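# Fold and contact review
Read off the chains here:
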Amino acid sequence: MKYCENFAALLDPFVDGELSPGEMARVQAHLDECPACRAYVDDALAIRAAFPDAEDTELPDGFAESVMARIQAEAVPRAEAASQTEAVPRAETAHKKKPSRPWLKALASLAACCAIVLLVGPLFSGGAKTEAPAAAADTAASTERAMVSSEEAAEEAAPAEAPAAETYYTAGTAEAEPQAPAAAAAGPEEDQASFKANSPDVQMQAADGGSISTLTLPPEAASLLADFAPVEETDTEARYELTRQDCDVLTESLTQADIAFTLDDADSDTVLVILEK
Amino acid sequence: MMDRQEQNWIAAAQTGDQDAFEQLVRLYEKRVYALTSRMCRNPADAEEAAQEAFLAAWQGLPFFRGDASFSTWLYRLASNACVDVLRREVRHQAAASLDDEDAAIDLPDGSLSPHDEAERAELRQHIENGLAALPPDYRQVLILRELHQRSYDEIADILSLDLGTVKSRINRGRKRLRKILLESGNFSVPPASKESEKEGCK
């Protein structure tokens, strides 16, 4: 079995959770394109699932019940969901608002709600940090309540532009949508594209939040940026803003072309690309 | 390696049968949780990722075409969910330690026929045999990683190895065990004629 050289060394750390979140996402994106690496990871996961004592894993109480509760709490009936694109914007059915709140759509992804509950808790209850761990401990039991209350909380949070804006932002990334596997329809990709196109709020918050990924390129990379228009240009450099997806494609091309680059990855959904002249 | 009953549940769940899907959840929940807990760093993330994996499975089932086995597909969703959860992760360490105190009760599996229980037990046995047959160096690191959920750094400490050695032993141990999976029919090899010649990624 032939493995790619670039990613072979990252596959075990990926499976073992030893990579940074940004690296995890890069490997995950690569798996969608590389059957050989995909096969290795699939088998590592299968080994893990069949490992002695995997069956003895102690699950939190009521796990299956809480999964089913979340499924039953979905507002959109299955038949309707199946006839639309894959990632149904559940938040948009609940909130008849302008589509300029795409991150609310992601918040409808219930797990995101749990994160929001934890984040909003300290923020809106006067910094009572002890509430956050308590909320975490109750996750399994209260996800249903959390979904409702966090959607409300998110509504309040939207205009607030709190200092934790960046965390709301990361909770609302396209990646927060449960990712269907490569074998499934192209729905998720289309959805991510439209999500990113409609997310000016999100990008602004990221910029204000301060933590944006930055990719620095030498002059010879200029041709690879031919498809993009710089947002800013001086004598010494040109600055571009790329989506995470475009950036991933770009870094692949850079690697292929053997061009060195520096990526300061803050896991933002937008990447600032600086092309030196 | 899909048994008849599981196939029936999958077919039913694809048309929206929640009870059938619940059987699938019960059937796979421990393995999925084992997976996520060994990929995420704390129990809270692991549980969240496991839940998300099943949610994604429910949503994606109508589109599941069966070109990979159901378990393979589900485990991919689980690893995707781990990546998503880790990317959103800002949770305080304190939250994780509280979760450790949760009462944990084993839930009953979705009931399988004796034949199918035997099949699953057989795969487990294959892996156990495979582990026993591994060179002790490889077995040791895999057990520390998979059973005891140690990080690479911890394994390096425990065994007084450097990180590179830990990684390469894990890698070789897994590759050896893949052969076991091949024999028991769980090996997910892409079409050999296409992939062995292909350049793969650059």
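Quick caveat: nothing in here was measured; it's all calculated off a predicted structure. (Residues numbered from 1 in each chain as written. Chains lettered and ligands numbered in written order. Predicted model: local features only at pLDDT ≥ 70, side-chain atom pairs only at ≥ 80, totals over all residues. Heavy atoms only, no water.)

When helices and strands are tallied, chain B shows ten helices and zero strands. Walking chain B from its N terminus toward its C terminus, one meets helices and strands in the order α-α-α-α-α-α-α-α-α-α. Across the 202 residues in chain B, those meeting the buried criterion constitute 52%. Sequence-distant contacts, at least 24 apart, represent 65% of the contacts inside chain B between residues at least 6 apart. (Helix = DSSP H or I, 4+ residues; strand = E, 2+ residues; numbered from the N terminus. Buried < 20%, exposed > 50% of the residue type's maximum accessible area, 1.4 Å probe, protein only. Contact = heavy atoms within 4.5 Å.)

Moving on: the overall build of chain A. Scanning chain A from N- to C-terminus turns up 14 helices and five strands. As displayed, chain A offers around 11600 Å² of accessible surface, 51% of which is attributable to carbon and sulfur atoms. (Areas by Shrake-Rupley, 256 points an atom, 1.4 Å probe, with all protein chains shown as cover.)

Under the definition given, this model contains 16 salt bridges over all chains. Where A:Lys277 meets A:Glu233, a salt bridge forms, and the shortest distance between an N and an O atom there is 2.7 Å. Taken as a pair, A:Lys277 in the segment after strand E5 (270-276) and A:Glu233 in strand E2 (residues 232-233) lie far apart in primary sequence, 44 residues in all. Among the salt bridges present, the one from B:Arg26 reaches B:Glu22, with a minimum N-O distance of 3.2 Å. Highlighted residues: B:Arg26 and B:Glu22, both in helix H2 (residues 18-39), separated by four residues, approximately one helical turn. Comparing B:Arg26 with B:Glu22 shows no difference in burial state: the two are buried. Via salt bridges that share partners, A:Asp12, A:Asp16, A:Arg48, B:Arg145, B:Glu146 and B:Arg174 belong to a single interconnected network. (Salt bridge = Lys/Arg side-chain N within 4 Å of Asp/Glu carboxyl O.)

On to the pairing of strand E3 (residues 237-243) of chain A. All names here are of chain A. Covered by surrounding structure in E3 are Ala238, Tyr240 and Leu242 only, the residues Glu237, Arg239, Glu241 and Thr243 on the alternate face being uncovered. Where E2 meets E3, two bridges bridge the pair, whose relative direction is antiparallel. Residue pairing across strands places Glu232 opposite Arg239, the latter belonging to E3. Following E2, the chain reverses through three residues before pairing antiparallel with E3. (Pairing = 2+ DSSP bridges.)

What follows is about the packing of helix H2 (residues 21-31) of chain A against helix H4 (residues 70-88) of chain B. Two numbers describe how H2(A) lies on H4(B): the axes approach to 9 Å, and their chain directions differ by 150 degrees. Taken together, the axes of H2(A) and H4(B) are roughly antiparallel relative to one another. Here the hand of the crossing between H2(A) and H4(B) comes out left-handed. Between H2(A), through A:Pro21, A:Met24, A:Ala25 and A:Gln28, and H4(B), the contact on the second element is made entirely by B:Asn80, B:Val83, B:Leu86 and B:Arg87. When its residues are assigned to classes, the contact of H2(A) with H4(B) shows five nonpolar, two polar and one charged. (Axes fitted to C-alpha atoms, helices over the stretch in contact; angles between N-to-C directions. Parallel < 35°, antiparallel > 145°, perpendicular 65-115°, else oblique. Left-handed = near helix turned anticlockwise from the far one by under 90°. Nonpolar A, V, L, I, M, F, W, Y, C, P; charged D, E, K, R; others polar.)

Residue and element names in this part refer to chain A. In space, the five strands of this open sheet follow the order E2-E3-E5-E1-E4, with mixed pairing throughout. The outermost strands of the open sheet, each flanked by one partner alone, are E2 and strand E4 (262-264). Where strand E1 (residues 213-217) lies against E5, five bridges are found, and the strand directions are parallel. Across the sheet, the residue bridging to Ser213 is Val271, located in E5. This element, helix H14 (residues 244-256), spans E1, E3 and E5 of the sheet and lies at about 120 degrees to E3.

All names here are of chain A. Where helix H1 (residues 5-15) meets helix H3 (residues 35-50), the axes come as close as 10 Å, and the angle between the chain directions of the two elements is 25 degrees. As summarised for this structure, H1 and H3 are arranged roughly parallel, according to the angle between their axes. Seen from above, H1 lies across H3 with right-handed handedness. Side by side, H1 and H3 meet where Phe7, Leu11, Asp12, Phe14 and Val15 of the first sit next to Cys37, Tyr40, Val41, Ala44, Leu45 and Arg48 of the second. Considered class by class, the residues forming the contact of H1 with H3 number nine nonpolar, no polar and two charged.

Once that is clear, we can look at unusual backbone geometry. Phi is positive for A:Asp258, which is not a glycine, with a value near 65 degrees. Inspection of the secondary structure puts A:Asp258 in the loop between H14 and E4. Phi at B:Gln149 is positive, roughly 55 degrees, even though this residue is not glycine. Tracing the backbone through its elements, the reader meets B:Gln149 in the loop between helix H7 (136-147) and helix H8 (152-159).

In terms of nonpolar packing, the biggest core is built from 61 residues, with A:Phe14, B:Phe21, B:Tyr28, B:Val32, B:Phe54, B:Leu61 and B:Phe70 touching the most fellow members. Listed by contribution, the elements that provide at least two residues to this core are H1, H2, H3 and helix H4 (63-72) of chain A together with helix H1 (4-14), H2, helix H3 (43-60) and H4 of chain B. With eleven residues, H4(B) is the single largest residue contributor to this core. Those residues within four positions of B:Tyr28 in sequence are excluded, and the remaining contacts are B:Glu6, B:Phe54, B:Phe70, B:Ser71, B:Leu74 and B:Tyr75. If you look at the next biggest cluster of nonpolar residues, it comprises 21 residues, including B:Leu134, B:Leu144, B:Ile155 and B:Ile180. (Core = buried A, V, L, I, M, F, W, Y, C linked by side-chain atoms within 4.5 Å.)

Our focus in this paragraph is the state of the cysteines. Considering all chains together, one arrives at zero disulfides over all chains under this definition. Left unpaired, A:Cys37 is separated from the closest cysteine sulfur, that of A:Cys4, by 3.2 Å. (Disulfide = S-S within 2.5 Å.)

What follows deals with the packing of aromatic side chains. Residues and elements named next belong to chain B. Going through the model one piece at a time under the given rule, you end up with seven aromatic pairs over all chains. Aromatic side chains Phe70 and Trp73 sit 5.8 Å apart centroid to centroid with 45 degrees between the ring planes, which places their arrangement in the tilted category. Residue Phe70 and its partner Trp73 are located together in helix H4, separated by three residues, close to a single helical turn. Judged by relative accessible area, which is 2%, Phe70 ranks as buried. (Phe/Tyr/Trp six-rings, centres within 6.5 Å; stacked < 30°, edge-to-face > 60°.)

It is worth spelling out the side chain of B:Glu6 at this point. Residues and elements named next belong to chain B. With respect to the helices, strands and loops of the structure, Glu6 is situated in helix H1. Of the side chains with opposite charge, Arg31 lies nearest to the buried Glu6, which makes no salt bridge, at 5.8 Å. Here Tyr28 takes part through its side chain, which lies 2.6 Å from a polar atom of the side chain of Glu6. Residue contacts for Glu6: discarding those within four places in its chain leaves Leu24, Leu27, Tyr28 and Phe70. (Lys, Arg positive; Asp, Glu negative; His and termini not counted. Polar contact = N/O pair within 3.5 Å; in protein donor to acceptor, adjacent residues only side chain to side chain.)

Another point: H7(B). Residues and elements named next belong to chain B. Between its terminal C-alpha atoms H7 stretches 15 Å, which fits the 16 Å expected from twelve residues at 1.5 Å a residue. For H7, every residue scored as buried is listed here: Tyr138, Val141, Leu142, Leu144, Arg145 and Glu146. With its phi angle positive at about 55 degrees, Gln149 sits one or two positions after the end of H7. (Expected span 1.5 Å × (residues − 1).)

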